[in-house]
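Architecture at a glance
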Amino acid sequence: IAQRLIRKICPYCRQAYKPSSQLVKLLRIEDRIDANTSFLKPKGCEQCRYTGYAGRTGIFEFLRVTPAIQTLVVSSAPAEEILKTARSEGMKTLREVAIEKMLGGITTAEEVIRIT
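Attention here is on the structure that accompanies the text.

Conventions we followed
Residues numbered from 1 in each chain as written. Predicted model: local features only at pLDDT ≥ 70, side-chain atom pairs only at ≥ 80, totals over all residues. Heavy atoms only, no water. Buried < 20%, exposed > 50% of the residue type's maximum accessible area, 1.4 Å probe, protein only. Helix = DSSP H or I, 4+ residues; strand = E, 2+ residues; numbered from the N terminus. Contact = heavy atoms within 4.5 Å. Core = buried A, V, L, I, M, F, W, Y, C linked by side-chain atoms within 4.5 Å. Polar contact = N/O pair within 3.5 Å; in protein donor to acceptor, adjacent residues only side chain to side chain.

A few words now on helix α4 (residues 94-103). Counting buried positions over the 10 residues of α4 gives 7, a clear majority of the element. Of the positions making up α4, those classed as buried are L94, E96, V97, A98, I99, K101 and M102. The elements touched by buried residues of α4 are β1 (2-9), α1 (21-27), β3 (39-41), β4 (53-61), α3 (79-88) and α5 (109-115). Residue G105 follows α4 closely and has a positive phi angle near 80°.

Written out as structure tokens, the structure reads:
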């Protein structure tokens, strides 16, 4: 298990904006959004002490040791091969989970980049 805390955007002062194509490419989410997708950015207010964030939430990456993963580990397979197999079995990376929270309006693109 890998875990990180990521800041939640303040619900009182968050603002929507259209992400740049560079940001979308950096996050590698071109296939997950369309031209109408908005991201959120913090403004800062009295409620969040002008930080733009209020609270934190966890993001988690969990690698299940399945028979396939166990075989790869025992045979000293490269990490890339283990990761590929784990992802094919449903594992999500910290970045993928953080992006889901960003697209859900819980955090910002800047936090995703900073934490992952």
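Below, the discussion takes up the nonpolar core. Formed by 17 residues in total, the largest nonpolar core has its most connected members in L27, I29, F39, I59, M102, A109 and V112. Breaking this core down by element, the ones donating at least two residues are α1, α4 and α5. For this core, the leading source of residues is α4, giving 5 residues. Apart from the residues within four sequence positions on either side, I29 is in contact with V24, F39, I99 and M102. Counting 6 residues, the second largest nonpolar core, distinct from the first, contains I69, A77, I82 and M91.

Summarising the element assignment, T116 is placed in the segment after α5. Placed 53 residues apart in sequence, T116 and L63 show a C-alpha to C-alpha distance of 17 Å. The residues contacting T116, other than those within four sequence positions of it, are I59, L94, R95 and A98. In this structure the side chain of T116 is engaged in a polar contact, spanning 2.9 Å, whose partner is the side chain of R95.

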